[in-house]
Amino acid sequence: MTMMRTTTVIETKNLKLIACNSDILKAAIEGNEIIAQKLNVTIQDNWTEFGIGALQYSLDRLTESEDEKDWWTYFPIHKQDNKLIGSGGYKGKPTADGTVELGYEIAPVYRNRGLATEMTNGLVEKCF
């Protein structure tokens, strides 16, 4: 996968959290088939409830400033299934006082397995 060379990946026990660059976000906006091909994964039905609007918002922030790289959307890939199962990430770079806000979503069939907690822990470790 060529995109992995320039993309941050956070590894946890069950997940690979792939930082979305502009190319990955554009592929996700184009549709499930395109993002599946781009990341070489399968896509879980209903993987996003946030929708295209949230992806476009992240893309717009990245387009405005290269300093925002790695401070927006991450895609959790379930390692065992090699499947995109949600999204999450930061709402931008840390504030002046060091505050970072996180958000996340996990596809319904992957909920109640501790994966949202695992994703959040990986994102928290990365921001420190």
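Residues numbered from 1 in each chain as written. Predicted model: local features only at pLDDT ≥ 70, side-chain atom pairs only at ≥ 80, totals over all residues. Heavy atoms only, no water.

Draft legend 1. Focus on the side chain of T73. Mapped onto the fold, T73 is located in strand β4 (residues 73-78). A distance of 2.7 Å separates a polar atom in the side chain of T73 from a polar atom in the side chain of S58. (Helix = DSSP H or I, 4+ residues; strand = E, 2+ residues; numbered from the N terminus. Polar contact = N/O pair within 3.5 Å; in protein donor to acceptor, adjacent residues only side chain to side chain.)

Draft legend 2. Region of the structure containing helix α5 (residues 115-127). For α5, with 13 residues, the first-to-last C-alpha span of 18 Å sits near the 18 Å given by 1.5 Å per residue. Of the residues making up α5, those classed as buried are L115, E118, M119, T120, G122 and L123. (Expected span 1.5 Å × (residues − 1). Buried < 20%, exposed > 50% of the residue type's maximum accessible area, 1.4 Å probe, protein only.)

Draft legend 3. Region of the structure containing unusual backbone geometry. The phi angle at N40 is positive, at roughly 60°, despite the residue not being glycine. Backbone geometry places N112, a non-glycine residue, at a positive phi of 65°. Judged by relative accessible area, which is 83%, N112 ranks as exposed.

Draft legend 4. Region of interest: the state of the cysteines. This model, assessed by the stated rule, comprises zero disulfides. Counting only cysteine sulfurs, C127 is the nearest neighbor of C20, a cysteine outside any disulfide, at a range of 17 Å. Judged by its relative accessible area of 24%, C127 falls in the partly exposed class. (Disulfide = S-S within 2.5 Å.)

Draft legend 5. Structural view of the pairing of strand β2 (residues 15-19). Burial within β2 is extensive, with four of its five residues counted as buried. Across three bridges, strand β1 (residues 9-11) lies against β2 in antiparallel orientation. When the sheet's bridge partners are listed, E11 is paired in β2 with K16. Hairpin connection, β1 to β2: the antiparallel pair is bridged by three residues. (Pairing = 2+ DSSP bridges.)

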